[in-house]
Amino acid sequence: METKNIMIVGVGGQGTLLTSRILGGITTMAGYDVKLSEVHGMAQRGGSVVTFVRYGDKVYEPIVEIGKADVLIAFEKLEALRYMHYLKKDGVIIVNDQRIDPMTVVTGVAKYPENILETLSKDHKVIAVKAMDEAKKLGNAKVFNTIIVGVAAKHMDFKKEEWIKVIEKTVPQKTVEINKAAFEVGYNI
């Protein structure tokens, strides 16, 4: 199998690392060689966080090169815009339709770009999800990332039951049920 490249981007505290562990778990369970790489920006101050998940028959390095990502999972719109150049021409962006102002916008140094989803859609297939709204309906805003995982899972070649097993093994034990419910919401969007 040709190596598949997934890039997960977000803001510190949004669960990019947990999401990469879930993706790493499902690909390992399927018998693929998997490499994960975590790149922390100013994560503790709401800065950009990037993780790479690469899997295939044999993967030699963990970093995804510019223009080589098959899928870009973005937990915030501006992060999708910031990293869309990593996508292949036929790559897919799964984006949480949420705005989190970076410090430069908060302090007035910069303006938050307008029409981000439209800009992303010009050159790429975009699946936009209001995952935070859905997570709040479940009663726990923190599980919005698992909703996004559910959306991504629908477009990958792994069985739903396998995803559930990996989620049960990966998320904190006390959050298993809410994360399974969040996954179901995303899977059914």
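Our subject is the structure listed above.
Residues numbered from 1 in each chain as written. Predicted model: local features only at pLDDT ≥ 70, side-chain atom pairs only at ≥ 80, totals over all residues. Heavy atoms only, no water.

A. Broad picture of the overall build of the protein chain. Within the protein chain, the regular secondary structure consists of 8 helices and 6 strands. Reading the protein chain from its N end, one meets helices and strands in the order β-α-β-β-β-α-β-α-α-β-α-α-α-α. Taking 2.2 N^0.38 as the reference for a compact globule, 189 residues should give roughly 16 Å; the C-alpha atoms of the protein chain span a radius of gyration of 16 Å, in line with that estimate. Summarising the internal contacts of the protein chain: among those between residues at least 6 apart in sequence, 61% fall at separations of at least 24. (Helix = DSSP H or I, 4+ residues; strand = E, 2+ residues; numbered from the N terminus. Rg over C-alpha atoms; globule rule 2.2 N^0.38 Å. Contact = heavy atoms within 4.5 Å.)

B. Region of the structure containing the nonpolar core. In terms of nonpolar packing, the biggest core is built from 36 residues, with Ile6, Leu23, Ile73, Trp163 and Phe183 touching the most fellow members. Looking at which element gives the most residues to this core, the answer is helix α6 (residues 144-154), with 7 residues. Setting aside its immediate chain neighbours within four residues, Ile6 contacts Leu23, Thr51, Phe52, Val53, Tyr55, Val64, Val71, Ile73 and Met156. (Core = buried A, V, L, I, M, F, W, Y, C linked by side-chain atoms within 4.5 Å. Buried < 20%, exposed > 50% of the residue type's maximum accessible area, 1.4 Å probe, protein only.)

C. Summary view of the pairing of strand β5 (residues 87-96). Here β5 lies mainly inside the structure; 8 of its 10 residues are buried. The parallel pair strand β4 (residues 69-74) and β5 is bridged by helix α2 (residues 77-83), and the resulting crossover is right-handed. Alignment of β5 against strand β6 (residues 125-129), held across 5 bridges, turns out to be parallel. Bridge pairing links Asn96 to Val129 in β6. (Right-handed = clockwise from strand over helix to strand, strands pointing away. Pairing = 2+ DSSP bridges.)

D. Expanded view of the pattern of salt bridges. Per the stated rule, a full pass over the model turns up 12 salt bridges. Measuring nitrogen to oxygen at the nearest pair gives 3.3 Å for the salt bridge that ties Asp33 to Lys35. The class for Asp33 is buried, based on a relative accessible area of 17%. Between Lys160 and Glu184 there is a salt bridge whose closest N-O contact spans 2.8 Å. Here the residue Lys160 occupies a position in helix α7 (residues 160-170), and Glu184 occupies one in helix α8 (residues 176-187), the gap between them amounting to 24 residues. Judged by relative accessible area, Lys160 falls into the partly exposed class, the value being 24%. Taking relative accessible area as the criterion, Glu184 reaches 27% and is therefore assigned partly exposed. A network of salt bridges, in which partner residues are shared, links Glu2, Asp70 and Lys88. (Salt bridge = Lys/Arg side-chain N within 4 Å of Asp/Glu carboxyl O.)

E. Representation of unusual backbone geometry in the model. Although it is not a glycine, Asn115 sits at a positive phi angle of roughly 55°. Examined against the element boundaries, Asn115 turns out to sit in the loop between α3 (103-106) and α4 (116-123).

F. How the structure looks around the packing of aromatic side chains. Tallying each qualifying case throughout the model produces 9 aromatic pairs. Here Phe75 and Phe144 contribute two aromatic rings whose centre-to-centre distance is 5.4 Å and whose plane-to-plane angle is 80°, an arrangement assigned as edge-to-face. With Phe75 in the loop between β4 and α2 and Phe144 in helix α6, the pair connects residues that are 69 residues apart, well separated along the chain. We note that Phe75, like Phe144, is buried. By way of ring pairs, the aromatic residues Tyr32, Tyr55, Phe158, Trp163, Phe183 and Tyr187 are connected into one cluster. (Phe/Tyr/Trp six-rings, centres within 6.5 Å; stacked < 30°, edge-to-face > 60°.)

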